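Coordinate analysis (summary)
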Amino acid sequence: MDKIERVSFLKKYIITGIPGSGKTTMINQLQKSGYSVMHEVSRWVIQNEQNRGSDGTPWQNIERFTQLVFEESIQRINTQSETLFCDRSLLDNIAYLLVEKKGVPKELLNFPFHQYYQKTVFFTPPWEEIYETDEQRPQTFESFLELDRVMRKLYLDKGFDIIDVPQLTVLERCHFIQDFLVKKSSISE
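Note that this is a predicted model, so its numbers are computed, not measured.

**A few points about the overall build of the protein**
Helix and strand content of the protein: 9 helices and 5 strands. Start at the N end of the protein and walk to the C end: the helices and strands fall as α-β-α-β-α-α-β-α-α-α-β-α-β-α. Relative to the 2.2 N^0.38 estimate, which gives 16 Å for 189 residues, the radius of gyration of the protein is 16 Å and therefore close to what a compact globule would have. Within the protein, buried positions represent 47% of all 189 residues. For the protein, the computed accessible surface area is about 9,600 Å², with 50% contributed by carbon and sulfur atoms.

**Describing the packing of aromatic side chains**
Remark: the centre distance and the inter-plane angle together describe each pair of aromatic rings, the angle taken between the planes. Summed over all chains, the structure comprises 12 aromatic pairs. Seen in terms of ring centroids, Phe-65 and Tyr-96 are 6.4 Å apart; in terms of plane orientation they differ by 70°. Their pairing is edge-to-face. Here Phe-65, found in helix α4 (residues 62–79), pairs with Tyr-96, found in helix α5 (residues 90–99); they are 31 residues apart in sequence, far enough to count as distant. Accessibility classification places Phe-65 together with Tyr-96 in one group, the buried group. Consider the rings of Phe-111 and Tyr-116, whose centres lie 5.3 Å apart with planes at 20°: the pair is stacked. Look at Tyr-116 and you get partly exposed, because its relative accessible area is 23%. An aromatic cluster of at least three residues, connected via ring pairs, comprises Tyr-13, Tyr-35, Phe-85, Phe-122 and Phe-180.

**With respect to the environment of Asn-28**
You can see Asn-28 is positioned in helix α2 (residues 23–32). Take Asn-28: its relative accessible area is 30%, and that puts it in the partly exposed class. For the pair Asn-28 and Met-38, spaced 10 residues apart in sequence, the C-alpha separation works out to 9.9 Å.

**Section: the pairing of strand β1 (residues 12–17)**
Of all 6 residues that make up β1, 6 are buried, and the element is covered over most of its length. Residues Lys-12, Ile-14 and Thr-16 line one face of β1 and the alternating positions Tyr-13, Ile-15 and Gly-17 line the opposite face, and both faces are buried. Summarising the sheet, β1 and strand β4 (residues 117–124) pair through 5 bridges and their orientation is parallel. When the bridges of β4 are listed, Lys-12 appears paired with Tyr-117.

**Digging into the environment of Ser-54**
Topologically, Ser-54 is positioned in the loop between α3 (41–52) and α4. Note: C-alpha distance between Ser-54 and Ile-15 (39 residues apart in sequence) is 28 Å. For Ser-54, the residues in contact, after removing those within four places along its chain, are Glu-49, Gln-60 and Arg-64.

Rules and cut-offs
- Residues numbered from 1 in each chain as written.
- Predicted model: local features only at pLDDT ≥ 70, side-chain atom pairs only at ≥ 80, totals over all residues.
- Heavy atoms only, no water.
- Helix = DSSP H or I, 4+ residues; strand = E, 2+ residues; numbered from the N terminus.
- Rg over C-alpha atoms; globule rule 2.2 N^0.38 Å.
- Buried < 20%, exposed > 50% of the residue type's maximum accessible area, 1.4 Å probe, protein only.
- Areas by Shrake-Rupley, 256 points an atom, 1.4 Å probe, with all protein chains shown as cover.
- Phe/Tyr/Trp six-rings, centres within 6.5 Å; stacked < 30°, edge-to-face > 60°.
- Pairing = 2+ DSSP bridges.
- Contact = heavy atoms within 4.5 Å.

Okay, here's the thing in structure tokens:
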């Protein structure tokens, strides 16, 4: 980790994938290992909307949900400048809108993603064996498979390089990411 800490990370690494694929568990483990992280905005928005009895969730009002996630994400991006890893990015919201065949707001289409994020994106593939529903994720595993396809295409179309994180234990997945960062930092020295 010492080698990684010496490298200046001005842009954040995105860890993304469909809901229930292990992203947040990895983010939490990376944080326990001393990395600065930005937790998932989507789940936070859903919980707040549910607590308020409002409809800003992906399955009730995707447009309101997207706007709330956009506003909170911008605030966090601007106030958490030292963050190394982000649990999702705003591109995920575009993918949700495309799957639902909704219009994408100009502020999302024109967002300067490469100004804030590293070109490499860590993608957690769908993993049915670990998928669980809960109050913030009532959808079935199968309902997210189209989202996976759309997200991957969107990230590639926007010029990102996708690295699939293998379906291993949480620690092994985190070591996979750490090994990538160590290799990248040694190449750039």
